[in-house]
Amino acid sequence: MSFYIAGTGSALPEKVVTNDDLAKFLDTSDEWIRTRTGISRRHVLTTERLQDLAIRSAKIAMEEAGVSGADLDLILCATMRADTFTPSLACAVGEAVGSRAPSFDLNAACVGVLYCMEVADSFIASGKAKTVLIVSAEAMSKLLDWTDRASCVLFGDGAGAMVVKAGEGRLAGVLSTDPDTHVIRMPNIEGINSPYNQVEQEKLAMHMDGGEVYKFAVNAMGHNIEEVCKRAGLTPSDIDWYLPHQANLRIIDASLKKFKIDKSKVLTNIADCGNMSATSVMVLLDEYAKKGIFHKGDKLLFVAFGGGLTSGAVIIKWNKE
Ligand code: ACO
């Protein structure tokens, strides 16, 4: 038994920051950011808490799926930075939707939603769950060095959710890790006031070697697409819709080029949202589902890469009319 997607939702912060807004305090330009990345604007948290967005997106997905909190058997939340160390973001969502299901957060950086889908699949396949709420929420703006023009222009904040139910839908999945602790790194606080801690605090902001990430991303996305198609008994041309992680349009183009895929099958929203880490593919899915472009039986391929270095791909047959 696998799962199908029964409902989706998303929620973005109200504040929109354009490339021109960034150029007011950084040595950058709209032209540089658009041509190197495909990004024009992004949403950034101001007065909202991340969990407000997570809860909003979860409620939309649950309403669409026709489920209440009592129907949920598991809540998974993909995030690198919940509002609190504990409770987890998944527990905060569970409280808001009236669920007593086991709930936990999962950090696989930008691949988090794909890791959650595979965990949900395992719970469902083993008979431990029938209905799972997967949420993703990222506050990238709180992790960035806003003086580093090479990284802070790339990211945005947001949340998304999907309800998955036991049934035919997921065709295959692949998760990978190429362990590397240097090319993407966001240090945590070393501790508050331990009299014993001797470890020097790293700078509390994202460090990224953009060129190395670029090379890894193009290879990993291509490899994961080949592998997941092989596991599903499909070829890349059998896929109806590609939902790639939204890190950089040039990465998406370069990793898909060898498959000679019709560009209209490749969905993007990076221009309006930037890179929202784990949340990118979730918001992308909800946006295009709400536009009504998916039809029953369409094959959707999710592919992502991120810090860790993690990567993965999942193919799901769309199950709604
Ligand atoms: N505005 C203007 N100039 C800039 C900016 C900017 N925002 N950022 C960098 N530059 C400059 C650099 O300083 C450099 O100047 P120099 O030649 O005088 O040294 C020049 O532009 C070229 O820099 P490159 O790094 O070579 O630019 P590149 O074309 O490689 O693009 C980028 C950089 C966009 C970061 C690219 O490497 C990339 O997309 N990498 C992958 C990033 C990524 O996917 N991150 C995701 C991380 S995982 C996660 O999501 C958590």
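Before any of the text, the structure's been laid out above.
Draft legend 1. View of the sheet that holds strand E4 (residues 74–78). Strand order in the open sheet made by the five strands is E1-E7-E6-E4-E5, with mixed pairing throughout. What marks the edges here is a single partner per strand, and that holds for strand E1 (3–11) and strand E5 (103–106). Between one strand axis and the next, the sheet turns through 20° on average, direction left out of account. Two elements, E4 and E5, share four bridges in a ladder whose sense is parallel. Opposite Cys77, over in E5, you have Asp105 as the bridge partner. In this fold helix H4 (residues 89–97) packs onto E4, E5 and strand E6 (131–138), with an angle of close to 140° to the strand it touches most, E5.

Draft legend 2. Spotlight on the side chain of Thr310. Note on placement: Thr310 falls in strand E13 (residues 310–317). For Thr310, the side chain forms a polar contact with the main-chain oxygen of Ala108, separated by 3.2 Å. A distance of 3.2 Å separates the side chain of Thr310 from the backbone oxygen of Gly307, its partner in a polar contact. For Thr310, the contacting residues outside a window of four places in its chain are Ala108, Ala109, Val111, Tyr115, Ser176, Thr177, Phe216, Ala304 and Phe305.

Draft legend 3. Expanded view of the packing of helix H3 (residues 50–65) against H4. Two numbers describe how H3 lies on H4: the axes approach to 9 Å, and their chain directions differ by 55°. Classified by the interaxial angle, the pair formed by H3 and H4 is oblique. Along this stretch, H3 crosses H4, giving a crossing that reads as right-handed. Across from Leu50, Gln51, Ala54, Ile55, Ala58, Lys59 and Met62 in H3, the residues of H4 making contact are Leu89, Ala92, Val93, Ala96 and Val97. Partitioning the contact of H3 with H4 into residue classes produces 10 nonpolar, one polar and one charged.

Cut-offs applied
Residues numbered from 1 in each chain as written. Predicted model: local features only at pLDDT ≥ 70, side-chain atom pairs only at ≥ 80, totals over all residues. Heavy atoms only, no water. Pairing = 2+ DSSP bridges. Helix = DSSP H or I, 4+ residues; strand = E, 2+ residues; numbered from the N terminus. Axes fitted to C-alpha atoms, helices over the stretch in contact; angles between N-to-C directions. Contact = heavy atoms within 4.5 Å. Polar contact = N/O pair within 3.5 Å; in protein donor to acceptor, adjacent residues only side chain to side chain. Parallel < 35°, antiparallel > 145°, perpendicular 65-115°, else oblique. Left-handed = near helix turned anticlockwise from the far one by under 90°. Nonpolar A, V, L, I, M, F, W, Y, C, P; charged D, E, K, R; others polar.

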